[in-house]
Amino acid sequence: MAAPCRVPQLLRASFGRFSGVAASARSFSGDGKTHFGFETVPEEEKAKRVYKVFENVAQKYDVMNDAMSLGVHRLWKDALLHAMHPQPGARLLDVAGGTGDIAFRFLEYVRSQQQRRERRAARSMQTQSWQDISSSYGTEGEDGPREDGPRESRAVVCDINKEMLKVGKQKADSTGTSAGLSWVVGDAEELPFDDEQFDIYTIAFGIRNVTHIDQALQEALRVLKPGGRFLCLEFSKVTNPVLAKLYDAYSFQMIPVLGEVIAGDWKSYQYLVESIRKFPDQEEFKRMIEDTGFYCAQFHNLTGGVVALHSGFKL
């Protein structure tokens, strides 16, 4: 559900539980340990193991997304774009953007917005009064009408995994959607960008895989311009008890099997299922966003809480 807009507060709450196991999004305090699925591993080892997971699944990543979600992931990503509602000229940073799904949708959305503006402008020209036409001559320069159109929208896909970016680039080239699109190798916890560079920061199904979620959130805040928006699409806690049982059964009994059949990789998809259960629930993650310094933090559940869309603003 959406929460009322309020200033960040230094609040902490216990994380959600799965089968009686405490779920911790942050690294275990003081001992340099964190979780990799249900395993406890050294912090430096998690990043290497997560990299290997996505290196292994990169070529089948999009096919597996369709298979695991029965195609519903496309609707979740569409919902993210509609909530974002970007306008022409916006600059997007999509972190853990891998194969480019969010960036492609973003560029298509802003192009459609620009085309809509141009159609409205054309209609208004057809119905101009003689006063409007006369005043338009006053805006012409020596070389004709001025072209002060909006700046070009751009999307930067940033991912730590080179294999995922490689697949994304191949998709962009094959569909002819490379214009306005950049691909950058980078770590969500230490982004290779200057301060206040982007209007929108997105991360879809990626933040649960970082070792220090609080550090990734700080980096999101740093690279956003004042007024910029943070949007995170991530698996979350199912709110309906009956649906929760069905979802758990499907996740643990079917998804690793699909991973083995389609991608030849049971273990990677077992990790992905387990990592979902270790991620904080909707309210706890919202508090983490507020603690970082974002304002007006809120979330919306999708498909009964299977996925949640969190957002916040940098002021």
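Each remark here, short or long, concerns the structure printed above.
A brief look at the structure comes next. (Residues numbered from 1 in each chain as written. Predicted model: local features only at pLDDT ≥ 70, side-chain atom pairs only at ≥ 80, totals over all residues. Heavy atoms only, no water.)

**Things to note about helix α11 (residues 282-292)**
Helical periodicity: at 3.6 residues per turn, an α-helix aligns residues three or four positions apart in one direction.
Thinking step 1. Burial of α11 is extensive: 10 of the 11 residues sit out of reach of the surface.
Thinking step 2. When α11 is considered as a whole, its buried residues turn out to be Gln 282, Glu 284, Phe 285, Lys 286, Arg 287, Met 288, Ile 289, Glu 290, Asp 291 and Thr 292.
Thinking step 3. Taken from the residues just after α11, Gly 293 is the one with a positive phi, measuring 125°. (Buried < 20%, exposed > 50% of the residue type's maximum accessible area, 1.4 Å probe, protein only. Helix = DSSP H or I, 4+ residues; strand = E, 2+ residues; numbered from the N terminus.)

**Quick word on the sheet that holds strand β9 (residues 181-185)**
Thinking step 1. Pairing in this open sheet of seven strands is mixed, and the strands run β9-β8-β5-β10-β11-β13-β12 from one edge to the other. The open sheet has two free edges, formed respectively by β9 and β12 (295-302), since each of these has just one partner strand. Pairwise comparison of adjacent strand axes, ignoring direction, gives a mean angle of 15° for this sheet.
Thinking step 2. Along the sheet, helix α3 (residues 72-84) makes contact with β5 (91-95), β10 (198-204), β11 (224-235), β12 and β13 (307-313), crossing β11 at roughly 160°.
Thinking step 3. Docked against the sheet, α11 engages β11, β12 and β13, running at close to 155° with respect to β12. (Pairing = 2+ DSSP bridges. Axes fitted to C-alpha atoms, helices over the stretch in contact; angles between N-to-C directions. Contact = heavy atoms within 4.5 Å.)

**Considering the nonpolar core**
Thinking step 1. One finds Trp 76, Phe 106, Leu 181, Leu 233, Phe 235 and Val 307 to be the most contacted residues of the largest nonpolar core, which totals 33 residues.
Thinking step 2. A per-element tally of this core places helix α4 (residues 101-126) first, with seven residues.
Thinking step 3. Ignoring anything within four residues of it in the chain, the contact list for Trp 76 reads Ser 69, Phe 205, Leu 233, Phe 235, Leu 302, Thr 303, Val 306 and Val 307.
Thinking step 4. In this structure, Phe 193, Val 210, Leu 221 and Val 223 belong to the second largest nonpolar core, which totals 27 residues. (Core = buried A, V, L, I, M, F, W, Y, C linked by side-chain atoms within 4.5 Å.)

**So, unusual backbone geometry**
For residues that are not glycine, phi is negative in most cases, and the peptide bond is trans in most cases.
Thinking step 1. At Cys 296, a position not held by glycine, the phi torsion is positive, near 55°.
Thinking step 2. Residues other than glycine seldom take positive phi values, yet Thr 303 does so here, at roughly 55°.
Thinking step 3. By the secondary structure assignment, Thr 303 is in the loop between β12 and β13.
Thinking step 4. The class of Thr 303 is partly exposed, set by a relative accessible area of 43%.

**Focus on the pairing of β10**
Thinking step 1. Among the seven residues that make up β10, six are buried, leaving the element largely enclosed by the rest of the structure.
Thinking step 2. Here β5 pairs with β10 via four bridges, running parallel. Across the sheet, residue Leu 93 finds its bridge partner in β10, namely Tyr 201.
Thinking step 3. With six bridges joining them, β10 and β11 adopt parallel strand pairing. Among the inter-strand pairings, Thr 202 is bridged to a residue of β11, identified as Leu 231.

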